[in-house]
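Tertiary structure, described
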Amino acid sequence: MINKQISDPGEAISRIKDGNTIAIGGFGGAGSPNVLIDTLITRSDAKNLTIVSNNAGQNEEGIAALLKAGKVSKIVCSFPRMKNAWVFEELYRRGKLELELVPQGNLAERLRARGAGIGAFFTPTGYGTVLAEGKETREIEGVHYVLEHPIKVDVALIKAKAADRFGNLTYNKTARNFGPVMAMAADITIVEVSDVVAAGELDPEAVVTPGIYVDHFFKV
């Protein structure tokens, strides 16, 4: 019988290896899987990680704590310089952290493309800017486009509202943000949830992330 619930997040986090690319959900604090992040910091020896996220963390919590722990060599994100993002700024200015800046829509689509099996796609976002340097461009019906490639993700760490034993997920409003596309893009998806319900209790029409994209979840 399929049951993807685990009691110890450390079991799942142990699957993260040196050099892995880790997608971490959240928009600011909304939907940030802080328990999973803390587990990665305290119970994993993995280092030289690449983090894919919307932002680079604030204060010394969540992703900022992960950066401070020295486990990350590169971050791919849209808004690295949020309020109180001093951990990122210090590491970046010291040359201790590489940044790949990606417009937010491109970030979401590059993740979705990975999950959908799309080899690459053209977008007008970034054309004519430094973000397009070195990339293929094309004019289509009078509009200039930049070729973008999917982001390969080894492990996604996301937060959801509820799960059933199959790993089907629902989210809490804006806490949904990047969770669904990160789950699609990742080889392994680990989820922290607030509620666990019996199989059949989730309205199929309300399921946002089907369990096929989820490997492990645990209740916070």
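Structural notes, computed from the coordinates. What you see is a predicted model; the values in this text were computed from it and never measured.

Some details on the sheet that holds strand E6 (residues 137-140)
- Strand order in the open sheet formed by 3 strands is E5-E7-E6, with antiparallel pairing between adjacent strands. Edge positions in the sheet fall to strand E5 (121-123) and E6, since each of these pairs with one other strand and no more. Sheet twist, expressed as the average angle between the axes of neighbouring strands with direction ignored, equals 40°.
- Pairing of E6 with strand E7 (residues 143-148) involves 4 bridges; the strand directions are antiparallel. Along E7, the bridge assignment pairs Thr-137 with Val-146.

Looking at the nonpolar core
- By size, the foremost hydrophobic cluster in this structure holds 29 residues, and its most contacted members are Leu-67 and Leu-157.
- Of the residues forming this core, the biggest block, 4 residues, is contributed by helix H3 (residues 63-68).
- Setting aside its immediate chain neighbours within four residues, Leu-157 contacts Ile-13, Ile-22, Ala-23, Ile-24, Gly-25, Pro-33, Leu-36, Leu-40 and Ile-190.
- In this structure, Ile-151, Ile-158, Met-182 and Val-214 belong to the second largest nonpolar core, which totals 24 residues.

A look at the side chain of Thr-170
- Note that Thr-170 resides in strand E9 (residues 169-170).
- Take Thr-170: its relative accessible area is 13%, and that puts it in the buried class.
- For Thr-170, the contacting residues outside a window of four places in its chain are Ala-160, Lys-161, Ala-162, Leu-202, Ala-206 and Val-207.

Let's talk about the layout of surface pockets
- There is about 210 Å³ of room inside the largest pocket.
- Taken together, 14 residues form the lining of the largest pocket, with Gly-28, Gly-29, Ser-32, Gln-58 and Glu-61 sitting closest to its centre.
- When its residues are assigned to classes, the lining of the largest pocket shows 2 nonpolar, 11 polar and 1 charged.
- Surrounding the second largest pocket, 14 residues form its lining, Glu-100, Leu-101, Val-102, Leu-131 and Lys-135 being those nearest its centre.
- At the level of secondary structure, the elements contributing two or more residues to the lining of the second largest pocket comprise strand E4 (98-101), helix H5 (104-116) and E7.
- Each residue belonging to the lining of the second largest pocket can be placed in one class, and the counts come to 6 nonpolar, 3 polar and 5 charged.

As for the environment of Gly-19
- When you line up the elements, Gly-19 lands in the loop between helix H1 (9-13) and strand E1 (21-24).
- You can call Gly-19 partly exposed: its relative accessible area is 38%.
- Sequence separation between Gly-19 and Ser-73 is 54 residues, and the spatial gap between their C-alpha atoms is 8.7 Å.

Comments concerning the side chain of Glu-192
- Counting through the fold element by element, Glu-192 comes out in strand E10 (residues 186-196).
- The side chain of Glu-192 sits in the buried core without any salt bridge; Lys-159 is the nearest counter-charge, 4.6 Å away.

Examining unusual backbone geometry
- Although it is not a glycine, Asn-48 adopts a positive phi angle of roughly 55°.
- By the element assignment, Asn-48 lies in the loop between helix H2 (34-43) and strand E2 (49-52).
- Residue Asn-48 is classed as partly exposed on the basis of its relative accessible area of 46%.
- One non-glycine residue, Lys-173, lies in positive phi territory at about 55°.
- As for its position among the elements, Lys-173 is in the loop between E9 and helix H6 (179-185).
- The class of Lys-173 is exposed, set by a relative accessible area of 73%.

What counts as what
Residues numbered from 1 in each chain as written. Predicted model: local features only at pLDDT ≥ 70, side-chain atom pairs only at ≥ 80, totals over all residues. Heavy atoms only, no water. Pairing = 2+ DSSP bridges. Helix = DSSP H or I, 4+ residues; strand = E, 2+ residues; numbered from the N terminus. Axes fitted to C-alpha atoms, helices over the stretch in contact; angles between N-to-C directions. Core = buried A, V, L, I, M, F, W, Y, C linked by side-chain atoms within 4.5 Å. Buried < 20%, exposed > 50% of the residue type's maximum accessible area, 1.4 Å probe, protein only. Contact = heavy atoms within 4.5 Å. 1 Å grid on protein atoms, 1.4 Å probe; cavity = no way out; pocket = protein on both sides within 12 Å on 5 of 7 lines; lining within 4 Å. Points joined across faces, edges and corners; volume = space filled by probe spheres on them. Nonpolar A, V, L, I, M, F, W, Y, C, P; charged D, E, K, R; others polar. Lys, Arg positive; Asp, Glu negative; His and termini not counted. Salt bridge = Lys/Arg side-chain N within 4 Å of Asp/Glu carboxyl O.

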